[in-house]
Structure formats: C-alpha cells, structure tokens
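Working through the structure, step by step
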Amino acid sequence: MTVRKNQATLTATEKRRFVDAVLELKRTGRYDTFVTTHNAFIMGDRDDSDRVGHRSPSFLPWHRRFLLEFEQALQAVDPEVTLPYWDWTADRTPRSSLWAPDFLGGTGRSRDGRVMDGPFARSGNRWTIGVRVDGRDFLRRDLGAGGRQLPTRAEVDSVLAMETYDMPPWNSASDGFRNHLEGWRGVNLHNRVHVWVGGQMATGVSPNDPVFWLHHAFVDKLWADWQARHPRSPYLPSGGTPNVVDIGDTMRPWNDVTPADMLDHTRFYTFDTAA
Ligand SMILES: [Cu+2]
C-alpha cells in the first residue's frame, strides 16, 4: 500500500530514490508530458467557459488524478517510491531540508534565478527545461520572493473550517472551501505557495519544478483533512452545471474518471498521519 509521507521525515535513501525516479522519468521524456498537460489546462481553464483543472470545483479531484498518474509513473521506475508532501506551514524557510542539495536543491542565484545546486541544477545536465515559455532552459527559483510569507497553520485552519465545498459561480470568484484553498479568494493558500517558490513554479509550466508534486500532495492532503472534519459536506455541484465538472461527470484528459471516483483517497494511498 502506498503511504505518502511528510518530506521532512524522509530518510536519505528515500530522498535519493525519489530523486532518481524523477530523473529517470525526465530522461525518458515521460516527465515533460506531465508539464505539457498541466500547461494546456492552465491555458484552457476559463472563469466564464469550460474549466476543469483550475479555478473550478474539479481543481481538487483533477490534481488528485494527475498526481496519481505521476506517482504510478514513478513506481514503474522504482516500486518503493511514493510522493512525499511538503507541509509549507511547518517547513517555511529556504533553510528547510527540502531545499538541501541532497533533495531539491536551493533557491536561484540573484542574477537570473538559476538554481545552482542539487540534482535539478542545469549544470548536472539531467534537468533541462524543455517545455518552456521562453529561451531559458534552466530551472529557476526565487524562494520567498519579495519577502513573501508562506501560509500559516492558523490560515490553513481557517480554510479547513469552511463547511461548504464550493459555491456558484464555481470559479475564481466563489466562496467556499475549494476556492479559498486554491487561493483566488481570501487568505490564499495554494496559489501563494506557487508565487513564494517563484521561477517556473509561478507559471503554467510549474511542474518543471519537482516541488510541484510535493506542494500538490499537501494540498491534496488538506482536502482529505477537510473531508474528515466535514463528513456530511459533499463535493458540489451535483449535476447539470454548464462548463463545470459535476460530481458524476468525466474529467478531461482521461475521460474515464469522475470526481466521485476521486473522493476516497484511501482507495489509492494513505498518509503517514491520519486526516
Ligand atoms: Cu495546477
């Protein structure tokens, strides 16, 4: 059974095997297909028309399915590897072990944002940014850019307290749990973390930075935590909503999976700490 662990608790061996599996997916070209898919949805998801991956109720089940597909690809390389999660309320500075050279490497240099250490530095020749929006083929970061702060545990708790999953107009203007977690409204959790990391993470090609998966694995855990707190609050909307994935509608690009199929994460994996 797959257990997703807090990245701060990984052993040196677990970190190395995770990094090696990610590098192998990169080498074969499989990794970049995930970047391409994500960017296509970021570009296509619209507040006033069709929206699936972002700014809509299916933000959470879509990313759960996307992460599952990535985790299965990692496990095809090394069956022992699972996706770790980054609790950015706890590990909230560039000094965190997450950013050490034996794991994801650190922030970018000031001149051009280029990450200079760790397995994903351009100089190692194993991490070239192929799916990109400009000429720069190196991983970039600006951790804590402009003095930004990562969300606090109190801010997370204020969002977990919201009883309703999502609300009309089912987009970036919505009230409710999903949009506050996604970050278009209120204290801003998920979006703010992308901006805090900077570089490619602050763009549509954000999966170019492997921290994407650890960030989204924690967002996914917060969904599970929210479900545990509100067992009688369903996924919404329940049917007949134009441009939006209702609970029983299939989601692109897979077309064989619905939000209903994604509600119970324990069918696929558990977390090291109970929700
Ligand atoms: Cu996304």
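Provided above is the structure to which this section pertains.
Worth saying up front: this structure is predicted, and the values here are computed from it rather than measured.

**Observations concerning the layout of surface pockets**
Empty space within the largest pocket amounts to approximately 270 Å³. Around the largest pocket, the lining comprises 18 residues; the ones closest to its centre are Ile42, His54, Trp184, His190 and Asn191. Looking at the lining of the largest pocket, the elements with two or more residues in it are α2 (30–44) and α6 (190–197). Looking at the lining of the largest pocket, the element that brings in the most residues is α6, giving four residues. Of the residues contributing to the lining of the largest pocket, the split by class is five nonpolar, ten polar and three charged.

**Considerations on the packing of helix α4 (residues 153–160) against helix α7 (residues 211–229)**
One way to put it is that α4 packs onto α7 with a least axis distance of 10 Å and a crossing angle of 50°. The angle between α4 and α7 falls in the class oblique. Judged by the sense of rotation from one axis to the other, the crossing of α4 with α7 is right-handed. Two secondary-structure elements touch here, α4 through Arg153, Val156, Asp157, Val159 and Leu160 and α7 through Phe218, Leu222, Asp225, Trp226 and Arg229. Tallied by class, residues from the contact of α4 with α7 come to six nonpolar, no polar and four charged.

Rules used in this analysis
- Residues numbered from 1 in each chain as written.
- Predicted model: local features only at pLDDT ≥ 70, side-chain atom pairs only at ≥ 80, totals over all residues.
- Heavy atoms only, no water.
- 1 Å grid on protein atoms, 1.4 Å probe; cavity = no way out; pocket = protein on both sides within 12 Å on 5 of 7 lines; lining within 4 Å.
- Points joined across faces, edges and corners; volume = space filled by probe spheres on them.
- Helix = DSSP H or I, 4+ residues; strand = E, 2+ residues; numbered from the N terminus.
- Nonpolar A, V, L, I, M, F, W, Y, C, P; charged D, E, K, R; others polar.
- Axes fitted to C-alpha atoms, helices over the stretch in contact; angles between N-to-C directions.
- Parallel < 35°, antiparallel > 145°, perpendicular 65-115°, else oblique.
- Left-handed = near helix turned anticlockwise from the far one by under 90°.
- Contact = heavy atoms within 4.5 Å.

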